[in-house]
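# Tertiary structure, described
Here are the chains, one letter per residue:
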Amino acid sequence: MTSRGRPEHWRHNRDYFYKYMSCETAKAVLANRTLKWSPATDFNDPFDMQFDLHLEFDPDDLVRLCKQDTCEILLGKRGFEPSIGLGNMLSRLQTLTPRLPPAVLDNFLEDAFRTAIKNLPVDISRMHEELRNHFKKYNILCLSAVNDNLLMWSHYADHHRGVVIRLACLEETDSSWSVAEPIVYSKSMPRLVDQNELRDLFTGRADLQRESIVKRTILTKAWDWQYEQEWRVADFSKKMSAEFVNFHPLELAAIYFGCKSDVADRDAILSRAKSINPAVQAFLAKKSERAFGLEFAPLT
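My aim in this report is to walk through the structure given alongside it, one point at a time.

Conventions and cut-offs
- For every chain, the first residue of the written sequence is number 1, and numbering continues from 1 along that sequence.
- Two thresholds apply to this predicted model, a pLDDT of at least 70 for residue-level local features and 80 or more for giving and counting side-chain atom pairs, whereas whole-chain, interface and lining totals are computed over all residues.
- Side-chain calculation: all heavy atoms of the structure are included, whereas hydrogens and water are not.
- Segments assigned H or I by DSSP are reported as helices when at least four residues long, segments assigned E as strands when at least two residues long, and all are numbered from the N terminus.
- Here the term buried applies to any residue with accessible area under 20% of the maximum for its type, exposed to any over 50%, and partly exposed to those in between, with areas from a 1.4 Å probe on protein chains only.
- When we speak of the arc, we mean the arc of directions from the helix axis to the C-beta atoms.
- Contacts between residues were defined by any pair of non-hydrogen atoms, one from each residue, lying within 4.5 Å.
- Here a polar contact is taken to be a pair of N or O atoms separated by no more than 3.5 Å, where protein atoms must pair a possible hydrogen donor with a possible acceptor and residues adjacent in sequence count only if both atoms sit in side chains.
- One less than the residue count of a helix, multiplied by 1.5 Å, gives the span that helix is expected to have.
- A carboxyl oxygen of Asp or Glu within 4 Å of a side-chain nitrogen of Lys or Arg is what we treat as a salt bridge.

## Re unusual backbone geometry
Phi at Asp-158 takes a positive value of approximately 55 degrees, unusual for a residue other than glycine. Tracing the backbone through its elements, the reader meets Asp-158 in the loop between α6 (150-156) and β5 (163-168). With relative accessibility at 31%, the residue Asp-158 sits in the partly exposed group. With a phi close to 55 degrees, His-159 is a non-glycine residue in the positive phi region. Tracing the backbone through its elements, the reader meets His-159 in the loop between α6 and β5. For His-159, a relative accessible area of 46% puts it in the partly exposed group.

## So, helix α7 (residues 195-202)
All of the buried residues along α7 are Gln-195, Leu-198, Arg-199, Leu-201 and Phe-202. Buried residues of α7, seen end-on, are gathered within an arc of 165 degrees and therefore sit on one face of the element. Buried positions along α7 lie against α2 (59-74), α3 (87-96), α4 (102-118), α5 (120-135) and β8 (191-193). Put simply, Asp-194 is the residue that caps the front of α7, since its side-chain oxygen is 3.2 Å from the backbone nitrogen of Asn-196. Backbone geometry just downstream of α7 places Gly-204 in the positive-phi region, at approximately 70 degrees.

## Brief notes about helix α9 (residues 263-276)
Owing to its 3.6 residues per turn, the α-helix aligns residues three or four sequence positions apart on the same side. An ideal rise of 1.5 Å per residue puts 20 Å on 14 residues; α9 measures up with 20 Å between its terminal C-alpha atoms. For α9, the complete set of buried residues consists of Asp-265, Arg-266, Ile-269, Leu-270, Ala-273 and Ile-276. Axial view of α9: buried residues confined to an arc of 115 degrees, hence all on one face. Away from the buried face of α9 by more than 90 degrees, exposed residues Asp-267 and Ser-275 are located. For α9, the elements touching its buried residues are α1 (23-32), β5, β12 (252-257) and β13 (281-287). Here α9 starts with a cap whose side-chain oxygen sits 2.9 Å from the backbone nitrogen of Ala-264, and that cap is Asp-262.

## Let's talk about the pattern of salt bridges
In this structure the tally under the stated criterion is 20 salt bridges. The partner of Lys-67 in a salt bridge is Asp-106, with the nearest N and O atoms 3.0 Å apart. Separated by 39 residues along the polypeptide, Lys-67 in helix α2 and Asp-106 in helix α4 bring together distant segments of the chain. A relative accessible area of 15% means that Lys-67 is categorised as buried. We classify Asp-106 as partly exposed; its relative accessible area is 37%.

The structure is reproduced here in structure tokens:
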């Protein structure tokens, strides 16, 4: 990994990513010079981008905090946005507060925030439906930070008979994976919003940020998949089906052949790779003698 600065819109300082595949897939990739960007429905994990985010908060504590914030608003100690959450109610209260006894105001706020919490399931169900439809329009390019994972070679590279392609991150081509971001592996599903976000929403401080919710869903996978060390690029597409997107010849940096790969496949793939980028490097995997791992030797 490089330490040099990158263009402002790049999201990492990596020099390379890796893509595992079978030899047949590699031949198609190199013949067309494209990589497949897939919708979530094509993923082998049924939870991947196909789960509903949940809420997690203490109702009593949330009501207490919202009432506390409202008092600060009514005393002019902090501002709010009338178009967010219960902001419209807060605007009306500003004119009524001087005429309301403290106990009446407290009961009114208690009822208002309890009602808002009670209505959350309906609002959240509607948002989940909107998000599910929204995610149908995303295509994802899945890459890995490593080229030597035994499970990845078994699962995605035809039981070590396939290949791994090394993709360079180049500023001169502004590589598509310049905006790749790492997956967060979690033992629990992520939350839609936490208690503080609900507090800000109810009291007109901040609206829910749809894009942050979308990113949370795209970039979270179950803990079991952590061995993949996956990075993703998400692209909004109107086709709602897989797309095959071109990559630049110079981005084809190297080919790693599995330890069980066939000589004929190696010759055919390397020939196609060199027709794209004559400077492409080639390596052949072999089993380590003293560890459960792979070693790569240059292929001449």
